[in-house]
Amino acid sequence: MLISWNITKRCNLFCRHCYREASSAEDIQGELSTAEGKKLITEIKKAGFRLLIFSGGEPLLRKDIFELIAKAREDGLIPAMGSNGTLLTGEMARELKNAGLQGIAISVDSLEREYHDEFRGQQGAFAKTQAGIENALGEGLKVQINLTLTEKNQNELDKMIIYYEKKGVQAIHPFFLVPTGRALSLADEALREEAYFSMIKKILERQRDTSLELKPTCAPQFMPMAREMGLLLRFTRGCLAGTAYCCILPKGEVHICPYLPVEVGNVRETAFADIWQNSVTLKKLRDFNNYGGACGCCEYIDICGGCRARAYYYKGDYLAEEPWCFRRQKWI
């Protein structure tokens, strides 16, 4: 099981698609303190989680980030991070490694610096991010590239696979855009229906001839598609929201997933382990009989699940059927 903790809403960039609507102007008042964070980490371990992803905003802006990573490692969790990479100096990478960080996912949306910089809201971001990747690799950190796919950059995938395989990164996880946060303004740029399934199929086909791990994210149909293609993957389910994954916001709110603004509790009011075990909403997600429409009667519900965030955006119900399925023309 894995969990992401948005440890701050502050960010040095202003990305067009940010689900947390982070910026440098954010007020950090009210964010979980170091002591509260350490208590939360212990609760996360108690709840049975294995992987803790420190995210944001930009997690490197938290002054206690090394202390929190060390606590996670001490408690027997695997600490990882999601970052834009622009603040990842050689010294920073070294300190992260020494604190116990096991891997870092760095966001890159294109090898065309103009596109990346515009998408991330800062001129020069591309160069800083590439330097951050080199610094992380230089310190022996496992590096994953997170690529947010849109209609404008979908042709970048092949180039990025070739480029980053040579660099020695471990994985590329293409993210399919979910309209939430600032990404609401990008809904028309999201890959959908035929384009959506064609891209998932392309990613899975490329997995056959690359050493990189390619995982379509926010595209849970990749699991049944991979099974039908005879691909053996290490993953157990497409959408993990509420079943083996959730998200904690900077002020302690627990959400089903980062892209789904449904709160199931707050760790300042209830111990996280209790929320995870006893939330009525989470229990509903774990009982597939509660899923509506085609998802509720699909033979692949146990390994797919449908994107709960996309169902919420398009249908107004996180238990509704996946809006771009059902089995779109048998996966295109």
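Residues numbered from 1 in each chain as written. Predicted model: local features only at pLDDT ≥ 70, side-chain atom pairs only at ≥ 80, totals over all residues. Heavy atoms only, no water.

Concerning the pattern of salt bridges
Charged atoms that come close allow side chains of opposite charge to pair.
At step 1: All told, the structure shown has 18 salt bridges when counted by the stated rule.
At step 2: Linking E67 and K38 is a salt bridge whose minimum nitrogen-to-oxygen distance equals 2.6 Å. Pair noted here: E67 is in helix 2 (residues 65-74) and K38 is in helix 1 (residues 34-46), with a separation of 29 residues, a long-range link.
At step 3: The class of E67 is partly exposed, set by a relative accessible area of 40%.
At step 4: You can call K38 partly exposed: its relative accessible area is 28%.
At step 5: The salt bridge partner of R206 is D209, with a shortest N-O separation of 2.4 Å.
At step 6: Residue D209 is classed as exposed on the basis of its relative accessible area, which comes to 53%. (Salt bridge = Lys/Arg side-chain N within 4 Å of Asp/Glu carboxyl O. Helix = DSSP H or I, 4+ residues; strand = E, 2+ residues; numbered from the N terminus. Buried < 20%, exposed > 50% of the residue type's maximum accessible area, 1.4 Å probe, protein only.)

Things to note about the pairing of strand 5 (residues 142-149)
Working note: regular strand, side chains alternate between the two faces of the sheet.
At step 1: Counting buried residues along strand 5, six of its eight residues qualify, which places the element largely inside the surrounding structure.
At step 2: Two elements, strand 4 (residues 103-107) and strand 5, share five bridges in a ladder whose sense is parallel. Each bridged residue has a counterpart across the sheet, and for A105 the counterpart in strand 5 is Q144.
At step 3: Direction of pairing for strand 5 relative to strand 6 (residues 171-176): parallel, over a ladder of six bridges. In the strand pairing of strand 6, L149 is matched with F176.
At step 4: Handedness of the strand 5-helix 6 (residues 157-167)-strand 6 crossover: right-handed. (Pairing = 2+ DSSP bridges. Right-handed = clockwise from strand over helix to strand, strands pointing away.)

Description of the packing of helix 1 against helix 2
At step 1: Here helix 1 crosses helix 2 at 20 degrees, and the two axes come no closer than 9 Å. Relative to helix 2, helix 1 is oriented roughly parallel. Relative to helix 2, the crossing made by helix 1 is right-handed. Here T34, G37, K38, I41 and T42 of helix 1 lie close against helix 2, whose contacting residues are E67, L68, K71 and A72.
At step 2: Residues belonging to the contact of helix 1 with helix 2 are distributed by class as follows: three nonpolar, three polar and three charged. (Axes fitted to C-alpha atoms, helices over the stretch in contact; angles between N-to-C directions. Parallel < 35°, antiparallel > 145°, perpendicular 65-115°, else oblique. Left-handed = near helix turned anticlockwise from the far one by under 90°. Contact = heavy atoms within 4.5 Å. Nonpolar A, V, L, I, M, F, W, Y, C, P; charged D, E, K, R; others polar.)

Nothing here speaks to function; it is all geometry.
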